[in-house]
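# An overview of the molecular structure
Single-letter residue listing:
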Amino acid sequence: MKAKHQRLTLALLGVAAVIAAGVLALSALKDQASFFYAPGDVKKDGLPLGRFVRLGGMVADKSIVKLPDGVSIRFVVTDGVATVPVLFKGIAPDLFREKSGVVAEGEFQRDGSFTASNLLAKHDEKYMPPEIAGKMHETKTLKE
Amino acid sequence: MATLHAFANPARFLKLARPLTPTLFWAGVALTLIGAWAGLTQTPRDYLQGETVRILYIHVPTAWLGMGGWSGIAVSSVMFLVWRHPLAMIAARAIALPGAMFAGLCLITGAIWGRPTWGTYWQWDGRLTSMLLLFFVYLGFMALDRADRDRGGDGRIPALYGLGGTALLPVIRYSVVWWNTLHQGESIGLTKSSIDPSILWPLWLTLSGFTLFFAGIVLMRMRTILAVTKAEARMRRMAA
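Residues numbered from 1 in each chain as written. Chains lettered and ligands numbered in written order. Predicted model: local features only at pLDDT ≥ 70, side-chain atom pairs only at ≥ 80, totals over all residues.

### Looking at the overall build of chain A
Along chain A, the regular secondary structure elements total 3 helices and 6 strands. Taken from the N to the C terminus, the helices and strands of chain A come in the order α-α-β-β-β-β-β-β-α. (Helix = DSSP H or I, 4+ residues; strand = E, 2+ residues; numbered from the N terminus.)

### Examining the nonpolar core
Formed by 52 residues in total, the largest nonpolar core has its most connected members in Ala91, Ala103, Leu134 and Val218 of chain B. Taken together, the elements giving at least two residues each to this core come down to helix H1 (2–28) of chain A together with helix H2 (10–41), helix H3 (56–83), helix H4 (88–118), helix H5 (126–150), helix H6 (156–164), helix H7 (168–178) and helix H8 (197–239) of chain B. The residues touching Ala103 of chain B, leaving out its near neighbours within four places in the chain, are Gly66, Met131, Leu134, Phe135 and Tyr138 of chain B. Formed by 31 residues, the second largest nonpolar core is a distinct cluster that contains Val84, Val102 and Val103 of chain A together with Trp118 of chain B. (Core = buried A, V, L, I, M, F, W, Y, C linked by C-beta atoms within 7 Å. Buried ≥ 20, exposed ≤ 12 C-beta atoms within 10 Å, placed from the backbone. Contact = placed C-beta atoms within 7 Å.)

### Concerning the interface of chain A and chain B
Contact with chain A, which involves 39 residues of that partner, is made by 40 residues of chain B. Of all the secondary structure elements, the ones that give two or more residues to the side of chain A that touches chain B are H1, strand S6 (114–122) and helix H3 (130–143) of chain A. When residues in the side of chain A that touches chain B are grouped by element, the largest group, 14 residues, is from H1 of chain A. The residue makeup of the side of chain A that touches chain B, split by class, is 25 nonpolar, 6 polar and 8 charged. (Nonpolar A, V, L, I, M, F, W, Y, C, P; charged D, E, K, R; others polar.)

### Focus: the confidence of the model for chain A
When pLDDT is averaged across chain A, the result is 83; 90% of the residues are at 70 or more. Across residues 137–144 of chain A the pLDDT falls below 50, and counting only partners more than four positions away or on other chains, this stretch makes 0 contacts in the model. (pLDDT = per-residue confidence, 0-100.)

### Some points on H1 of chain A
Within an α-helix, residues lying three or four positions from one another point in the same direction, as the helix has 3.6 residues per turn. A rise of 1.5 Å per residue sets the reference length of H1 of chain A, with its 27 residues, at 39 Å; its end C-alpha atoms lie 38 Å apart and thus fit the reference within 8%. Little of H1 of chain A sits out of view: just 2 of its 27 residues are buried. (Expected span 1.5 Å × (residues − 1).)

### Regarding the UniProt feature "domain: Cytochrome c assembly protein" (unreviewed entry) in chain B
As recorded in UniProt, the feature "domain: Cytochrome c assembly protein" (unreviewed entry) lies at residues 32–183 of chain B. Across residues 32–183 of chain B one finds 75% helix and 0% strand; the C-alpha atoms that close the span lie 25 Å apart. (UniProt positions renumbered as here; feature names shortened; annotations may be inferred.)

### Brief notes about the environment of Gly104 of chain B
Turning to its location among the elements, Gly104 of chain B is positioned in helix H4. Judged by local crowding, Gly104 of chain B falls into the partly exposed class, with 17 C-beta atoms found within 10 Å.

### Re the UniProt feature "binding site: heme" (unreviewed entry) in chain A
UniProt's entry tags His123 and Tyr127 of chain A with the feature "binding site: heme" (unreviewed entry), counted in the numbering of this structure. As for its placement among the helices and strands, His123 of chain A is situated in the loop between S6 and H3. Since 22 C-beta atoms lie within 10 Å of it, His123 of chain A is described here as buried. Not counting the four nearest positions on each side in its chain, His123 of chain A is found in contact with Leu95 and Gly101 of chain A together with Leu48, Gln49, Thr117, Trp118 and Gln184 of chain B. Mapped onto the secondary structure, Tyr127 of chain A falls in the loop between S6 and H3.

### A word on unusual backbone geometry
Among all residues except glycine, the phi angle is most often negative; among peptide bonds, the trans geometry is most common. Residues other than glycine seldom take positive phi values, yet Lys62 of chain A does so here, at roughly 55°. Note that Lys62 of chain A resides in the loop between strand S1 (53–59) and strand S2 (65–66). Take Lys62 of chain A: there are 10 C-beta atoms within 10 Å of it, and that puts it in the exposed class. Even without glycine at this site, Arg84 of chain B takes up a positive phi of about 55°. In this fold, Arg84 of chain B is placed in the loop between H3 and H4. C-beta crowding within 10 Å serves as the criterion here: with 16 such atoms nearby, Arg84 of chain B is assigned to the partly exposed category.

### A look at H4 of chain B
Residue and element names in this part refer to chain B. Here H4 spans 42 Å end to end across 31 residues, near enough to the 45 Å set by a 1.5 Å rise per residue. The largest bend along H4 measures about 30° and falls at Ala96, with the proline Pro98 one to four residues further on. Phi for Gly119, located one or two positions after H4, is positive at around 95°. (Bend = angle between axes of the 7 residues up to and from the residue.)

### Some remarks on the environment of Ala30 of chain B
With respect to the helices, strands and loops of the structure, Ala30 of chain B is situated in helix H2. Assessed through the 14 C-beta atoms surrounding it within 10 Å, Ala30 of chain B is described here as partly exposed.

### What about the domain arrangement of chain A?
Here chain A is described as being made up of domain 1 (1–33) and domain 2 (39–122). Using only C-alpha atoms to locate each centre, domain 1 of chain A and domain 2 of chain A end up separated by 40 Å. (Domains from an automatic or database assignment.)

Here it is in structure tokens:
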């Protein structure tokens, strides 16, 4: 009976240690393991110049501008804290649109803008049928 | 605990497992088929993703079982290490292969969804990478368990490994909360969900269906392992 209790204590300590290891790993990797820089991170920590990085956030409303060459677009990425203007040349994914999430791969320029060579659409956790999305859109426009 | 110790006797376990195996298996298949039918024909498409949203009815259950399977291995490992329960390591061994299969299916269905939605099959983001690690941890468990049995070990080493691998579960769960990831945050919580009910409801069918199916497969594999052990013991007795 005593040996069993000893093993139980050891096993529980083991589980606690393992879970704590996981949580510690998470928080320790917090900065390094992030998939992209948010505009607010860049404002706080300075521009990561000369490196190929990702920039993520929301595409600001009414910010997408098609350039005269027909393949380039300009838009603004925002996270509510700061904004970064982005230039992208290429084919954007279907889900790329204003007021929606985006992850741009490319490089920061010295003036604080971003030149993207690839765009990924970031989907959020909301799923709804078109009718409801439409209704929500309507009510919002009515309010605004 | 007393009730679990009753099953230390494999004969008693088998008596219950025999009728339970087909019941769970076929109930799971039926629920999954109904859920798949409903998910393919009875629900509206998503306003942004369009028809692609339907992969959710497969992807979420596979992710749930990939992680749930490892929780099962962890619990079995503790049962084995602490109470020396004779069925515990058999259960862990039975869970490993279907668990790995569902973790793999989760990665594959995610990639298929990711291409049209994100514009990429694969990215090394926190959620995707930690799930891939879990898949490899499963393979490691199976290899370690086989090696341990080959050298006549009692299963203590794979049990410790089973316990250690648990560190990945909170990493997967909170990867989307703690890090910037391409993968979206949690859609389904215990009390609320950001998926509209009209899209969500078949998920409960496939989720319970996949889970029952998984339980049936695990019982089937446990019975097989017990039968093989018995047959080997008999052969040894005949040879002696």
